[in-house]
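# Structure assessment
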Amino acid sequence: MLIVMKQDATPDEIAGVVEVIQTMGYEARPMPGRQRTTVGLVGNDGRVDASRVEALAGVAEVIHVSKPYKQVSREWKPEPTRVPLPDGSTIGGREVIIMAGPCSVEGEEQILLSARQVKAAGATVLRAGAFKPRSSPYAFQGLGQLGLELLAVARAETGLMIVTEAMDAKGLEMVVETADIVQIGARNMQNYSLLKEAGRQRKPVLLKRGLSATISELLLSAEYILSEGNPNVILCERGIRSFDTATRNLFDLSAIAVVHGLSHLPIIADPSHGTGHRDMVPAMARAAIAAGADGLIVEVHPNPERALSDGAQSLFPEQFERMMREVGAIAEVIGRSVVSPVGSAA
Ligand code: PEP
Ligand code: MN
């Protein structure tokens, strides 16, 4: 429920509304706006009787949020959220952010070369997992802490920001030390204790859609993070399970439009996991930008044939360069622009 205060409501009247909400057993979140303050009521799992607040001094109107997710909904906040990044850019505005790099950190030479290559092509965020959620326990599990240290080296050399995955609460503490954006992977989208921990720390969170999650479930997972106090969530469509094996997953392009309708949070696209085949990635990257994605996360490897994970869907650096030019052109057509690395001529 949202309590919209009158334009001339006094601080005492706002405090009065907060107090009543608290005595009703809920939490109150005052949100000062340009015109007027709105007080959000959280902690309810169903319709709340509005009669006690409706009559309070300074209250203009009470809006019932109809969706099960509250704080992530457009009803709660009509204007888009712009998630701030350390280089001064934001995700969710006019700018399109490109995150690129290998699936996993494999070693110093590999991650440094990857970082230089994706930066040269125009990416501003380096992706690579240090902790890898693999379907087989015998597959490469990532370099762990060493992987994080190598990512920090890559950032120091290139100035790229880092997005990397946290798989559990213990790993999250380590990841937060290094990452500029904390990734929560598809397999962990409904790991509610991890979501809560991610909501209690301050770094932006990249939340990937679960393998068979509905859009409503994705938004409810984001709600966990916001409800713990972290408003900086970036959603990610990375394909869902389907009956067809022609692609690794079914890349749900429509999710981008659906999420933009339902939520103020930004959403980016992962055409690499979405298709599973490098030759399909550029087409889906272009499509995602045309559909309004606020950014892309793409797997690129200096030598994909020798990659320790997800080589088949990793672009060759030259493919990525071409993809970046195409994506830049499409962004421009729809009145957006791809953010280029600081100090680059582009
Ligand atoms: C990844 O980004 O390498 C990854 C494991 O992605 P997802 O969680 O979407 O499968
Ligand atoms: Mn991968």
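Note: the structure precedes this text.
The following refers to the structure shown. Worth saying up front: this structure is predicted, and the values here are computed from it rather than measured.

Right, let's talk about the side chain of Asn188 for a bit. Among the secondary structure elements, Asn188 is positioned in the loop between strand S10 (181-184) and helix H6 (192-200). A distance of 3.1 Å separates a polar side-chain atom of Asn188 from the backbone oxygen of Met167. Apart from residues no more than four positions distant in its own chain, Asn188 is found in contact with Glu165, Ala166, Met167 and Leu194.

So, about the environment of Ile98. As for its position among the elements, Ile98 is in strand S7 (residues 95-101). With sequence-adjacent residues up to four places away left out, Ile98 is seen in contact with Ala123, Thr124, Val125, Leu296, Phe320, Met324, Val327 and Val338.

What follows covers the coordination of the manganese ion (ligand 2). Around the manganese ion (ligand 2), the protein contributes the donor atoms Cys103 (SG), His273 (NE2), Glu299 (OE) and Asp310 (OD), which lie 2.0 to 2.4 Å from the metal centre. In terms of primary sequence, the donors binding the manganese ion (ligand 2) are separated according to C-x169-H-x25-E-x10-D. In this pair, Cys103 is assigned in the loop between S7 and helix H3 (108-121) and Asp310 in the loop between strand S14 (295-299) and helix H11 (317-333), connecting sequence segments 207 residues apart. Each of the two residues, Cys103 as well as Asp310, counts as buried.

Another aspect to go through is the pattern of salt bridges. Counting across every chain of the model gives 12 salt bridges. A salt bridge links Glu157 to Arg116, with the shortest nitrogen-to-oxygen separation between them at 2.7 Å. Pair noted here: Glu157 is in helix H4 (residues 145-158) and Arg116 is in helix H3, with a separation of 41 residues, a long-range link. Judged by its relative accessible area of 42%, Glu157 is partly exposed. As a salt-bridge pair, Arg209 and Asp252 come within 2.9 Å of each other at their nearest N and O atoms. Of the two residues, Arg209 sits in the loop between strand S11 (205-208) and helix H7 (215-227) while Asp252 sits in the loop between strand S12 (233-237) and helix H8 (254-262), which places them 43 residues apart along the sequence. Accessibility assignment for this pair places Arg209 and Asp252 in one class, buried. Here the residues in one salt-bridge network are Glu197, Arg200 and Glu228, joined through shared partners.

The next subject is the sheet that holds strand S1 (residues 2-5). Across the sheet, which stays open at both edges, the four strands sit in the order S2-S3-S1-S4 with antiparallel pairing between neighbours. A strand with exactly one partner marks an edge of an open sheet, and here the two such strands are strand S2 (27-32) and strand S4 (59-63). The average undirected angle you get between the axes of adjacent strands in this sheet is 20 degrees. Along the sheet, helix H1 (residues 11-23) makes contact with S1, S2, strand S3 (37-42) and S4, crossing S3 at roughly 5 degrees.

The next thing to look at is H7. End to end, H7 covers 18 Å across 13 residues, agreeing with the expected 18 Å (1.5 Å per residue, within 8%). Residues of H7 that are buried include every one of Ile215, Leu218, Leu219, Ser221, Ala222, Glu223, Ile225 and Leu226, and no others. Summarising the contacts, the buried residues of H7 are in contact with S2, H6, S11, S12 and H8. One or two positions beyond H7, positive phi appears at Gly229, with a value near 110 degrees.

This next bit is on the state of the cysteines. For the structure shown, the criterion picks out zero disulfides. Between Cys236, a cysteine without a disulfide, and Cys103, which holds the nearest cysteine sulfur, the sulfur-to-sulfur distance is 13 Å. The exposure class of Cys236 is buried, given its relative accessible area of 0%.

A few words now on the side chain of Ser263. As for its placement among the helices and strands, Ser263 is situated in the loop between H8 and strand S13 (267-269). At 3.0 Å, the side chain of Ser263 forms a polar contact with the backbone nitrogen of Leu265. If near-sequence neighbours (up to four positions away) are discounted, Ser263 is found in contact with Val72, Ser73, Arg74 and Leu219.

Moving on, we get to the packing of H4 against helix H5 (residues 169-178). The interhelical angle for the contact between H4 and H5, taken along N-to-C directions, is 15 degrees, at an axis separation of 9 Å. If you check the angle between H4 and H5, you find them roughly parallel. Judged by the sense of rotation from one axis to the other, the crossing of H4 with H5 is right-handed. Contacts between H4 and H5 involve Gln145, Leu148, Leu151, Ala152 and Arg155 on the former and, on the latter, Met174, Val175 and Thr178. Split by residue class, the contact of H4 with H5 holds five nonpolar, two polar and one charged.

Turning next to the site of ligand 1. Around ligand 1, the neighbouring residues are Cys103, Arg127, Lys132, Glu165, Gln183, Gly185, Ala186, Arg187, Lys208, Arg238, His273 and Glu299. At 3.0 Å, a side-chain N or O of Gln183 approaches an oxygen atom of ligand 1. Measuring from an oxygen atom of ligand 1, one finds a backbone N or O atom of Ala186 at 2.8 Å. In isolation ligand 1 offers 300 Å² of accessible surface; the protein chains occlude 98% of this area.

Counting buried positions along S14 gives five out of five residues, so the element sits mostly inside the fold. Here S14 shows two buried faces, one formed by Gly295, Ile297 and Glu299 and the other by Leu296 and Val298. Two elements, S7 and S14, share five bridges in a ladder whose sense is parallel. By the bridge assignment for S14, Ala100 is matched with Val298.

The rules we used
- Residues numbered from 1 in each chain as written.
- Chains lettered and ligands numbered in written order.
- Predicted model: local features only at pLDDT ≥ 70, side-chain atom pairs only at ≥ 80, totals over all residues.
- Heavy atoms only, no water.
- Helix = DSSP H or I, 4+ residues; strand = E, 2+ residues; numbered from the N terminus.
- Polar contact = N/O pair within 3.5 Å; in protein donor to acceptor, adjacent residues only side chain to side chain.
- Contact = heavy atoms within 4.5 Å.
- Donors = N, O, S within 2.8 Å, 3.2 Å for Na, K, Ca; no water.
- Buried < 20%, exposed > 50% of the residue type's maximum accessible area, 1.4 Å probe, protein only.
- Salt bridge = Lys/Arg side-chain N within 4 Å of Asp/Glu carboxyl O.
- Pairing = 2+ DSSP bridges.
- Axes fitted to C-alpha atoms, helices over the stretch in contact; angles between N-to-C directions.
- Expected span 1.5 Å × (residues − 1).
- Disulfide = S-S within 2.5 Å.
- Parallel < 35°, antiparallel > 145°, perpendicular 65-115°, else oblique.
- Left-handed = near helix turned anticlockwise from the far one by under 90°.
- Nonpolar A, V, L, I, M, F, W, Y, C, P; charged D, E, K, R; others polar.
- Near = heavy atom within 4 Å.
- Areas by Shrake-Rupley, 256 points an atom, 1.4 Å probe, with all protein chains shown as cover.

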